[in-house]
Amino acid sequence: MADSTAIAHAEGVFRTVHGLPNIDRQLRHEAPITQSWTRCVNDHRLDPSKLHAPTVIGSADLKDRQTQHEDLLQIAVAEMDSLYDQISGSGHALLMTDASGVILCERVDPTLRKMFRSAGILIGADWSENREGTNGVGTCIAENRPVTVHRADHFRARHIGLSCTGAPIRDPGGSLVAVLDVSSISSHDTRAGRTHTMALVNLSANFIEKCLFLRRQRNHTILRFHSRPELVNLLYDGALALSQDGTVIAADDTAVRLLGANGRLNLLGRPLAEIFDVRPEDLLAGSRNHPAIWPLRDLRRGRRYFVSLREPQREPARDGGAKPALEPAMLQPRKNALSLDDLAGEDPQMLRNVHNARRIADSMVSVLIQGPTGSGKEVFARALHRASSRAQRNFVAVNCAAIPETLIESELFGYKSGAFTGAHKDGMRGKVLQASGGTLFLDEVGDMPLLLQTRLLRVLEDNEVVPLGSEKPIKVDIRVISASHRNLREMIAKGQFREDLYYRLNGIKIELPALAERADRNRLIREVFAIEAAGEAHAAVEAKALQCLLNYQWPGNVRELRNVIRAALAICEGGLVTRLDLPRELCEAASPAAAAPAAPGAPLANMATPAETSAGNPLEVAEREALLAVIDANRWNMRLTAQQLGMSRNTLYRRLKRLRIGVGLERVDQI
Ligand SMILES: Nc1ncnc2c1ncn2[C@@H]1O[C@H](COP(=O)(O)OP(=O)(O)OP(=O)(O)O)[C@@H](O)[C@H]1O
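Just so it is clear, the model here is predicted, and its values are computed rather than measured. (Residues numbered from 1 in each chain as written. Predicted model: local features only at pLDDT ≥ 70, side-chain atom pairs only at ≥ 80, totals over all residues. Heavy atoms only, no water.)

> What's the story with the pattern of salt bridges in this structure? I'm lost.
Under the counting rule described, the total for this entry stands at 30 salt bridges. For arginine 65, the salt bridge identified is with aspartate 61, shortest N-O distance 3.2 Å. Placement of both arginine 65 and aspartate 61 in helix α3 (residues 59-68) is noted, with a separation of 4 residues, approximately one turn of the helix. Residue classification places arginine 65 among the buried positions, given a relative accessible area of 18%. One salt bridge in this structure joins lysine 475 and glutamate 464, with 3.2 Å as the shortest N-O distance. Of this pair, lysine 475 sits in strand β18 (residues 474-475) while glutamate 464 is found in strand β17 (residues 464-465), placing the two residues 11 residues apart along the sequence. Residues participating in the shared-partner salt-bridge network are Arg39, Glu129, Glu143 and Arg145. (Salt bridge = Lys/Arg side-chain N within 4 Å of Asp/Glu carboxyl O. Helix = DSSP H or I, 4+ residues; strand = E, 2+ residues; numbered from the N terminus. Buried < 20%, exposed > 50% of the residue type's maximum accessible area, 1.4 Å probe, protein only.)

Structure below.
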């Protein structure tokens, strides 16, 4: 390519990204392309004119990735051969990448192989957007939908001879696992001509996706449905995988669309009898009792569908035949760092909170987060920091309740060398200085001693801090987010909290609801299970155990929920959580027969008395007391307890179970 073409292309890209008029006024790019260009410049810091060699991963890494996607590749290769037959001779390459954009397999006309290789289209090459800029694979992954990137739509000048169309392939949980892409070089295709290619690629991607769903769910009953009987058991029907008690454990995109559900999570964990007018016993009788295809009505909209049932190919190897109602692999476990979007959920109060937080994310407005213990105040503060323009700078958290009163001043404001006896000889930068440029998170701000409140207010008013033992103020630039589970207004009335500081901190108030009050609590419980069980291939929750989790009042909110699930996963047999793996008190309190919900704040931990453990065996009583003493000393932090006792956390949880020590309110590390 002539340098002048590359320079002109790069100039066009920069003009578009910076909103300047293009020299060639005819040049128009669709929104997904210009958004991708903006990501390439601002986020990936790529230069469109730069020539570079393709990034190709090593053969061991490639082999690992291929093995990891073995079932997918087996399905895809057959479909790719069939698609390749249809397009061969037209100068196209057909390729499939994994979710990070690395090519795992390809079908290329042997006479064109060399040309495609020199364009970087070869097995093992990384076509993610942050490597190759806007392209059919990387942009499909970034946008999570089918895209065509035609010639000068490409970000890198080097790729403007290519025309590519990529379509996502999703696993039964809805996560993108692969991209199917058709590319051509020096194509004389018009953009309109790519519409046909897009239809073909989409069809093949949908087909692969459906086969993958059926294959991965083959050990469960699968219900397939469509409003037209002749389309049942074909590509266009909806598919639901069911547990043995008729609970939906996986749904494909078509099922979600046909049922008008608001996403997969609305279907997962629900009994099929809540979705269709089917009696559970009819369903449990299996396909033998039904004609091959029979009609059912959808309960929400009253629409008639024709359905077929496929029985499990093999009984799931589960403990004692217990019935899984929820399998995390079917949910989409979220990444560890939760974003504001992740936190919004479907609760009206949370949606309002997230909306307000987004509006002020980039401003200097102080944020006061209130909510009961464990409701996610710190998680919210971190998400807000990540959504702000300070995201790349420090987020410094100070727990005002955890630092001894005598140290809090030096912790916050730092000190000069030799400021006091025992001070570090080089002095210390306090948290306020560490947070300068970023965000200072004051957790449990209601626990800050009054004297310090006065000093903090001065720092916030003057934007400068004077370390202990120094007289020289240092300028700071901090965004303050504070949190408290206490009623600060009541504290002001009692003279325990400064009113002026309250107004300084309370630029905007975010009130987090208790877990039991959240309209979307069932969904949140499932999500937390999915997060905790991520990476455990066979983890599942038995239907009755799930019911206990859903019915319980959760006085310790999400923290308690997380710890209960974490402990249950550690002690359960074969990955299946049953009621026996949950604290007994939780199931009792959650049962409809329980006289009243657990009183908010009532500790769940340590509710069994020594007499209840193995009929009061004195050795066990002694062991229990010794263990409780260590746990108490570690403030119910199981990681530290296990470390101190020199055992793994799993062993510790097993021992807790044996000694019937509940783990309801223990504190563990943050995600
Ligand atoms: N929406 C959520 N999804 C998954 N986990 C969450 C969510 N919200 C909170 N958590 C988890 O719950 C636990 C408690 O959260 P966090 O520490 O933010 O609560 P908090 O309200 O600040 O608690 P405290 O009042 O004790 O300071 C953490 O382990 C956190 O990762």
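Continuing now.
> For this particular structure, what's the right way to read the packing of aromatic side chains?
By convention here, two paired aromatic rings are described through the distance between centres and the angle between planes. Per the counting criterion, the structure on display carries 6 aromatic pairs. Ring plane angle 25 degrees and centroid distance 5.8 Å describe the contact between phenylalanine 395 and phenylalanine 441, whose orientation is recorded as stacked. Of this pair, phenylalanine 395 sits in strand β13 (residues 395-399) while phenylalanine 441 sits in strand β16 (residues 439-443), placing them 46 residues apart in sequence. Phenylalanine 441 shares its class with phenylalanine 395; the two are buried. With 4.7 Å between their ring centres and 85 degrees between their planes, tyrosine 552 and tryptophan 554 make a pair best called edge-to-face. Both residues of the pair, tyrosine 552 and tryptophan 554, count as buried. Here a set of aromatic residues connected by ring pairs shows up, and it is made of Phe225, Phe276 and Tyr305. (Phe/Tyr/Trp six-rings, centres within 6.5 Å; stacked < 30°, edge-to-face > 60°.)

> Please clarify how the packing of helix α24 (residues 638-645) against helix α25 (residues 649-658) should be interpreted in this entry.
Geometrically, a packed helix pair is captured by the angle between its two axes and the distance between the axes. Viewed as axis vectors pointing N to C, α24 and α25 meet at an angle of 100 degrees, and their least axial separation amounts to 9 Å. As judged from the angle between their axes, α24 and α25 are roughly perpendicular. For the pair formed by α24 and α25, the contact residues are Met638, Arg639, Thr641, Ala642 and Leu645 on the first element and Arg649, Leu652, Tyr653 and Leu656 on the second. Taken together, the residues that form the contact of α24 with α25 break down as 6 nonpolar, 1 polar and 2 charged. (Axes fitted to C-alpha atoms, helices over the stretch in contact; angles between N-to-C directions. Parallel < 35°, antiparallel > 145°, perpendicular 65-115°, else oblique. Contact = heavy atoms within 4.5 Å. Nonpolar A, V, L, I, M, F, W, Y, C, P; charged D, E, K, R; others polar.)

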